[in-house]
Amino acid sequence: MSSDAELIGRSLRGDTDAFVEVISRHETALGNYLARRVGRQAAEDVLGDVWVAAYESRANYDRSYPEARPWLYGVALNRLRRYWRSAPAEEPASDLTGVASDWDPWPAVDARVDTQAQLSRALARLKPEEREVLGLVAWEDLTVAEAGRVLDIPAGTARRLLHQARKALREAPEVVALLQVPTT
């Protein structure tokens, strides 16, 4: 089986099917990454932009790296940033004053949703670069060095950011509260 670097090299020499193979290898992982960031609907559009940008910039790919996944995450992150800059401001919540005062819209909310909200608050307090490294390592299963490549930072800096993120999360009041075992 050819490496991504070999496939990209072949695509540069005119083999259009070679780049399609790179896409098929990584489209699920990149699609999931984007969906976690912008939702499934928008992710489909952004993913299309990622493939166009990757194809157009494939000559810049450093073929000393056999796997293109970190490079593709970098392309995806750049497309996400462009998407976020161009997205219109969110609509304000509609007026809820007409809703009956005894109506409870949240009867199905359970402890998992609360846990997710607490974890989200803790993650939101991280510096953006710490959150990016943590997400790439924890959710996208990249190595710290690969996360550094995605973010165009040295591996040592990525390691430091990951350490800082983990430390901040361990010390976050929301996480501490989640990890405490109730005494009976």
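Heads up: the structure comes first, above all this text.
Structure report, in brief. Sequence order as written defines the numbering, with residues in each chain counted from 1. The predicted origin of the model limits local features to residues at a pLDDT of at least 70 and limits the giving and counting of side-chain atom pairs to 80 or more, whereas totals for whole chains, interfaces and linings rest on all residues. Side-chain measures here rest on the full set of heavy atoms in the structure, leaving out hydrogens and waters.

In terms of helices and strands, the protein chain carries 9 helices and 0 strands. The classification of residues rests on relative accessible area computed with a 1.4 Å probe and restricted to protein chains. Under 20% of the type maximum is buried, over 50% is exposed, and intermediate values are partly exposed. Burial status across the protein chain gives 35% buried among its 184 residues. Computed with the Shrake-Rupley method and a 1.4 Å probe, the accessible areas treat only the protein chains shown as cover for residues. Approximately 12,000 Å² of the protein chain is accessible, and the part contributed by carbon and sulfur atoms is 52%. Labels follow the DSSP assignment, with helices taken as runs of H or I lasting at least four residues and strands as runs of E lasting at least two, numbered in each case from the N terminus.

Attention now goes to the pattern of salt bridges. Side chains that differ in charge, positive against negative, can pair when their charged atoms come close. Salt bridge criterion: a side-chain nitrogen from Lys or Arg within 4 Å of a carboxyl oxygen from Asp or Glu. Taken as a whole and judged by the stated rule, the model has 7 salt bridges. Two residues, Arg-37 and Glu-132, come together in a salt bridge whose shortest N-O distance is 2.8 Å. Note that Arg-37 is positioned in helix H2 (residues 16-38) and Glu-132 in helix H6 (residues 128-138), a separation of 95 residues in sequence. Look at the salt bridges and you will find they share partners, linking Asp-4, Glu-21 and Arg-25 into a network.

Stacked, tilted and edge-to-face pairs are distinguished by plane angle, under 30 degrees for stacked and over 60 for edge-to-face with tilted covering the rest, among Phe, Tyr and Trp rings (Trp via its six-membered ring) whose centres lie within 6.5 Å. Tallying each qualifying case throughout the model produces 3 aromatic pairs. By definition, being over a ring means that NZ of Lys or CZ of Arg is both within 6 Å of the ring centre and within 35 degrees of the ring normal. Positioned above the aromatic ring of Tyr-55, the side-chain terminus of Arg-58 is 3.8 Å from the ring centre. One residue, Arg-149, lies across the ring of Tyr-65, its end atom 3.5 Å from the ring centre.

Compared with the 24 Å implied by 1.5 Å per residue over 17 residues, the 24 Å span of helix H3 (residues 40-56) between its first and last C-alpha is a close match. Residue contacts are counted whenever heavy atoms from the two residues lie within 4.5 Å of one another. In this structure, the buried side of H3 is in contact with H2 and helix H4 (69-86). Take the residue count of a helix, subtract one, and multiply by 1.5 Å to get its expected span.

Axes, fitted as lines to C-alpha atoms, cover a helix only where it is in contact. Angles between the N-to-C directions of the axes lie from 0 to 180 degrees. Between H4 and helix H7 (residues 144-151), the least distance of the axes is 8 Å, while the angle of their chain directions is 40 degrees. It follows that H4 is oblique to H7 by the angle criterion. Where H4 crosses over H7, the handedness of that crossing is right-handed. Contact residues: Arg-69, Pro-70, Trp-71, Tyr-73, Gly-74 and Leu-77 in H4; Glu-146, Arg-149, Val-150 and Leu-151 in H7. Classification used: nonpolar for Ala, Val, Leu, Ile, Met, Phe, Trp, Tyr, Cys and Pro, charged for Asp, Glu, Lys and Arg, polar for all others including Gly. Looking at side-chain class alone, the contact of H4 with H7 contains 6 nonpolar, 1 polar and 3 charged residues. For classification, angles of less than 35 degrees are called roughly parallel, those exceeding 145 degrees roughly antiparallel, those between 65 and 115 degrees roughly perpendicular, and all remaining angles oblique. The handedness criterion is simple: a crossing whose near helix is rotated anticlockwise from the far helix by less than a right angle is left-handed, and one whose near helix is rotated clockwise is right-handed.

Formed by 47 residues in total, the largest nonpolar core has its most connected members in Tyr-33, Leu-34, Trp-71, Leu-72 and Leu-136. Residue assignment for this core shows that the elements contributing at least two residues are helix H1 (4-12), H2, H3, H4, helix H5 (111-124), H6, H7 and helix H8 (155-171). Examining the composition of this core, we find that 9 residues originate from one element, H2, more than from any other. Counting only domains with at least three residues in this core, you end up with domain 1 (1-92) and domain 2 (95-183). Contacts of Tyr-33, omitting those with residues within four sequence positions, involve Tyr-73, Ala-76, Leu-77, Leu-80, Glu-132, Leu-136 and Glu-140. Among the buried residues, those of types Ala, Val, Leu, Ile, Met, Phe, Trp, Tyr and Cys that are joined through side-chain atoms within 4.5 Å form a nonpolar core. For the domain bounds, the source is a domain assignment made automatically or taken from a database.

With phi around 60 degrees, Asp-141 is a residue other than glycine that occupies positive phi space. With respect to the helices and strands, Asp-141 occurs in the loop between H6 and H7. Unlike most non-glycine residues, Asp-152 shows phi in positive territory, near 60 degrees. Looking at the element boundaries, Asp-152 is found in the loop between H7 and H8.

This brings us to the side chain of Ser-11. Along the chain, Ser-11 turns up in helix H1. Using a relative accessible area of 3% as the deciding quantity, one classes Ser-11 as buried. N or O atoms within 3.5 Å of each other form a polar contact, as long as, within protein, one can give a hydrogen and the other can take it, and as long as residues adjacent in sequence are counted only when both atoms are side-chain atoms. A polar contact of 2.8 Å, which involves the side chain of Ser-11, links it to the backbone oxygen of Ile-8. Among the polar contacts made by the side chain of Ser-11, one reaches the side chain of Arg-58 at a distance of 2.9 Å. Look past the residues within four positions of Ser-11 in its chain and what remains in contact with it is Ala-18, Phe-19 and Arg-58.

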